[in-house]
Amino acid sequence: MSDHTAEGLVLSNPRGSGFRREAERAVRVMVNARWPIFAVVFLLLAAFAAVFGAWLAPFDPNRQNLVLRLAAPMAAGPDGGVFWLGSDALGRDVFSRLLYGARVSLTVGFAAITVGGTIGIVAGLLAGYFGGWVDDVIMRLGDIQLAFPFILLAIMFLVVLGSGVWNLILVLGVGQWVTYARIVRADTLSLREKEFVEAARALGDSTPSIIFRTILPNILAPLTVIASFNVASVILSEAALSFLGLGVPPEVPTWGSMLAESRDTLVANKWWLAVFPGVAIMLTVLSFNILGDWLRDFLDPRLRERT
Amino acid sequence: MKLRMHMPRVAAAGLLGAIALTGCAEPLEDTIVVGLSADITTFEPGMISSRDNANIARHIFASLFTLTAEGEHVPELAHTLEISDDGTSYVYTLNEGLTCHDGEPLTAEDVAYVFNRIADPANRFTGNTPGFVFTSIGFVNAEALDDLRVRVDIAQKNPIAFGLMTEVYIHCKDAYEAMTLDEAASNPVGSGSYRLASWTRGSEVVLEKVREPGNFQRIAWRIIPEASTRTAELIAGNVDIITNVVPEQVEAIDGSGRAEVQVVSGTRRMYLGFNLSDEHARMPGGDAIQDPRVRRALQYAVDVPTICRQLLSVECERATSLVNPPNGNASLTPYPYDPERAERLLDEAGWRRGANGTRFSIRLQAGQGRYVNDVNVVLAIAQYLEDVGLDIDLELMEWASVYTPLLRERQAGPLFFLGTGGGLWSPIYDMTDLAQVGSGTNYTHWDDPRWFDRWPDVVNAETPEARRVVLDEMLQVFHDDGPWLLLYFQPDFYGVSNRIAWQARRDEHVEIFEARLK
């Protein structure tokens, strides 16, 4: 890290606490608040399921067994196994599909934020730093995109590009960039006039170095808060698009597509097909929102004394 | 166990509770409400093609003869038909005193105008009448002989031309000459017992009775695409009849005490098509299915009775050909489910499993939401084919705007899932899908001369028995080396309110004329 960047960090963090001290404070605040602990524990479990789902799943999530379809939770499955959370309309194990679904839903959530965040941060930095016509072009593009309802835009893109995990990530990511760009632009407009940036210029740093090594590190904190909320909204969007049949291919289990498949059987009282993926979506989104709230409070200097 | 028995009632009670919150209003006594799954697009007689669209149009437009639920053709606007000795001239004699909805007398001149207008290439009509009926019968011309007699000429003798011509909707000349094509599409002036009162696109069509037959003053056709919503509306009493009930919802409807489900053995032929076009032969797996031995092997790979039992909630016998029973070749037996035999035949055909356990990859395309439980049926078929070593690249598409254009261009495949409407009144009607190699309904591009070269023998057979022999030989070829992986005749599920007496038909015709309050 350059001296200029270090100076910038000092400016944004006048108390000068080290990483270890901040981490200890983060844990202390989280324990005191309690709810963020539950959120972190649930998200760790979901991440564990996403990573190790293939080993944890008692059945192949796509293996059909028509004669054992719509079995209730705890019913006997094939080969002496048990359908812990029941089976679906094709006799596939709901628990195994839920584990695999975690992988797709979380991957799509994080990957889309990475795509959207990267585009938005670069666009915001360029708009804020250079101003003028660069700023105008980038921000008007953002305004045009925001003029369309996001879900409509996503449907249009997916109809043209076709469904699939990568297309879904692309569409959801592109849908998020404006949020990041606006925040980054506003912060960059303010930071580019600061003394430490002027100092970097005076010392002959190149423009890319000033943008990415001096300014960017000083605007990351609010972006992490935005990203935590955004993951939740992207997971919901994935669920909505999968529900509409525009998400991933039908043989790939996701929580949204599982919810969609439950539509026709809900009236027939096969509640487990809707409840389990629905609860998984709800808890994940809730956890990210709680985590985002905590992160916002934690990073807010005005609340620092209270925490 | 006790709890399980009460589940449908619990589900129905829950549904009723939810419906009570949103409110419900039972239809008026002089109105019957029908809930359809698919939207309708036009009332232009030359453009109507979907079954739901035709079901509504059938109440607005009468025809010369009509088809009964039992598969008989009986007089409607005409009372007699004379066919020339060479079989190319059909003379209909109309009933006296006919009128259209605007009061204009309906004469032979009007009937001739209807036939010629639909066939006029300038109008570019693509509906069932020009696209299927007229191409099948080789329509040439229609001419009024006097006020009551009209002659229809066709290119050559055709044993089912009379039956096909019952599908032509009759209307009057003056009203349609005064309208543009766009106006005619939304302002039908028909000859049937109901007239169009209102049409809210995507939502509702209301018809008003103008003459007999019909026991209700109004028929409201509501478009309700989502299956659970249709079921909820039926149980709430907002709708009297619904089509395409999902099998999983049958118990909830029957347990509601307010409606019951009628299940009929339908005539729609469900199959997995092998697209044999040159273009598809160059695609992965497309070369494999060119070999009739591979197609035959795959017949043994799919457990059709289990699909029927588990996914359609009915017991069914697998189809032996494209002809509805009992009109098929009686000597044919359905392919049994025998995956070992399928694997052996695939080995013999030269498509052995590779190191990864796969014989060949192939794309399977299907639309979704059109047929009973279609997505699950397609997923099940894909699983069965993968079990014998195929690697299936499954593409499920939106039905109307994505899959239908592919079908229309005969581009779906190399494997594709489809159901085509059939009939009970003649085996030839069902076989007409494959009248020519280039027929629009030959979605497979199948060109086996043992089938297509036999049509003149069918037409020229001197006796019904002689014709039957030819048909059976053709159906044997279709069974052994045909372009369809044979599945089932789709059962149809109708939900019917307890306040209504109405009987569902096997041919998907939803006719309300005989429906009445109990």
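Everything that follows concerns the structure shown earlier in this document.
Residues numbered from 1 in each chain as written. Chains lettered and ligands numbered in written order. Predicted model: local features only at pLDDT ≥ 70, side-chain atom pairs only at ≥ 80, totals over all residues. Heavy atoms only, no water.

Draft legend 1. Looking closely at the overall build of chain B. Looking only at helices and strands, chain B has 19 helices and 18 strands in total. Taken over the C-alpha trace, chain B has a radius of gyration of 24 Å; the compact-globule value for 518 residues is 24 Å, and the two agree within 12%. Summarising its shape, the C-alpha atoms of chain B cover approximately 75 × 65 × 40 Å along the three principal directions. Within chain B, contacts between residues at least 6 apart in sequence are counted, and of these 69% link residues at least 24 apart. Accessible surface computed for chain B: about 20,900 Å², of which carbon and sulfur atoms make up 49%. (Helix = DSSP H or I, 4+ residues; strand = E, 2+ residues; numbered from the N terminus. Rg over C-alpha atoms; globule rule 2.2 N^0.38 Å. Contact = heavy atoms within 4.5 Å. Areas by Shrake-Rupley, 256 points an atom, 1.4 Å probe, with all protein chains shown as cover.)

Draft legend 2. Geometry of the side chain of Ser 237 of chain A. Within the fold, Ser 237 of chain A resides in helix α11 (residues 220-243). A residue is classified by how much of its surface remains accessible, and Ser 237 of chain A, at 12% relative accessible area, is buried. (Buried < 20%, exposed > 50% of the residue type's maximum accessible area, 1.4 Å probe, protein only.)

Draft legend 3. Structural context of the interface of chain A and chain B. At the interface, 18 residues of chain A touch 25 residues of chain B. Here chain A and chain B share an interface that buries about 1,800 Å² over both sides, 57% of which is from carbon and sulfur atoms. Of all residues in chain A, Leu 66, Asp 264 and Val 267 of chain A give up the largest surface area on contact with chain B, accounting jointly for 32% of the area buried on that side. Between the two partners, chain A and chain B, sit 2 salt bridges. As a salt-bridge pair, Asp 387 of chain B and Arg 63 of chain A come within 3.0 Å of each other at their nearest N and O atoms. The interface formed by chain A and chain B contains 5 residue pairs in polar contact (both at pLDDT 80 or more). The class makeup of the residues in the side of chain A that touches chain B is 8 nonpolar, 4 polar and 6 charged. (Buried area = accessible area lost by both parts, 1.4 Å probe. Salt bridge = Lys/Arg side-chain N within 4 Å of Asp/Glu carboxyl O. Polar contact = N/O pair within 3.5 Å; in protein donor to acceptor, adjacent residues only side chain to side chain. Nonpolar A, V, L, I, M, F, W, Y, C, P; charged D, E, K, R; others polar.)

Draft legend 4. Looking closely at the pairing of strand β8 (residues 194-200) of chain B. Residues and elements named next belong to chain B. Sheet topology note: the β8/strand β9 (residues 204-209) ladder contains 6 bridges and is antiparallel. Across the sheet, residue Leu 196 finds its bridge partner in β9, namely Leu 207. Following β8, the chain reverses through 3 residues before pairing antiparallel with β9; Gly 202 in that reversal takes a positive phi of roughly 80°. (Pairing = 2+ DSSP bridges.)

Draft legend 5. Seen up close, the state of the cysteines. All names here are of chain B. Evaluation of the coordinates by the stated rule reveals 2 disulfides over all chains. Disulfide pairing places Cys 308 opposite Cys 316 at an S-S distance of 1.9 Å. Between Cys 308 and Cys 316 the disulfide shows an S-S torsion of about 80°. By sign, it is right-handed. Sequence-ordered numbering of the bonded cysteines in chain B gives a pairing of 1-2, 3-4. (Disulfide = S-S within 2.5 Å.)

Draft legend 6. Region of interest: the pairing of β9 of chain B. As paired strands, β9 of chain B and strand β10 (residues 218-223) of chain B are joined by 5 bridges and run antiparallel to one another. Bridged to Glu 204 of chain B within β10 of chain B is Arg 222 of chain B.

Draft legend 7. Examining the sheet that holds strand β12 (residues 259-274) of chain B more closely. All names here are of chain B. The strand order β8-β9-β10-β1-β11-β16-β12-β15-β13-β14 describes an open sheet built from 10 strands, whose pairing is mixed. Every interior strand has two partners, whereas the edge strands, β8 and β14 (390-398), have only one. Where strand β11 (residues 241-242) lies against strand β16 (residues 484-497), 2 bridges are found, and the strand directions are antiparallel. Within β16, the residue paired with Ile 241 across the bridge is Val 496. Against the sheet, helix α14 (residues 374-387) touches β12, β13 (360-368), β14, β15 (415-420) and β16, its axis set at about 165° to β14. (Axes fitted to C-alpha atoms, helices over the stretch in contact; angles between N-to-C directions.)

Draft legend 8. Broad picture of the packing of aromatic side chains. Applying the stated criterion across every chain yields a total of 30 aromatic pairs over all chains. When the ring of Phe 59 of chain A is compared with that of Phe 83 of chain A, the centres are 5.4 Å apart and the planes differ by 50°; the resulting orientation is tilted. With Phe 59 of chain A in the loop between α3 (35-56) and β1 (75-76) and Phe 83 of chain A in strand β2 (residues 82-83), the pair connects residues that are 24 residues apart, well separated along the chain. Between Trp 451 of chain B and Trp 455 of chain B the ring centres are 6.1 Å apart and the planes differ by 80°, which places this aromatic pair in the edge-to-face class. (Phe/Tyr/Trp six-rings, centres within 6.5 Å; stacked < 30°, edge-to-face > 60°.)

Draft legend 9. Representation of helix α6 (residues 150-161) of chain A. For α6 of chain A, with 12 residues, the first-to-last C-alpha span of 16 Å sits near the 16 Å given by 1.5 Å per residue. Once α6 of chain A finishes, Gly 162 of chain A follows within two positions and takes phi at roughly 95°, a positive value. (Expected span 1.5 Å × (residues − 1).)

Draft legend 10. Region of interest: the nonpolar core. Grouped together as the largest cluster of nonpolar side chains are 166 residues, with contacts concentrated most on Phe 115, Leu 385, Phe 417 and Trp 451 of chain B. Counting residues per element, this core draws most heavily on β16 of chain B, at 9 residues. Filtering out sequence-adjacent residues up to four positions away, Trp 451 of chain B remains in contact with Leu 322, Met 431, Leu 434, Trp 446, Met 474, Leu 475 and Phe 478 of chain B. Ranked by size, the runner-up nonpolar core spans 64 residues in total, among them Ala 57, Leu 273, Phe 288 and Phe 298 of chain A. (Core = buried A, V, L, I, M, F, W, Y, C linked by side-chain atoms within 4.5 Å.)

Nothing here speaks to function; it is geometry throughout.
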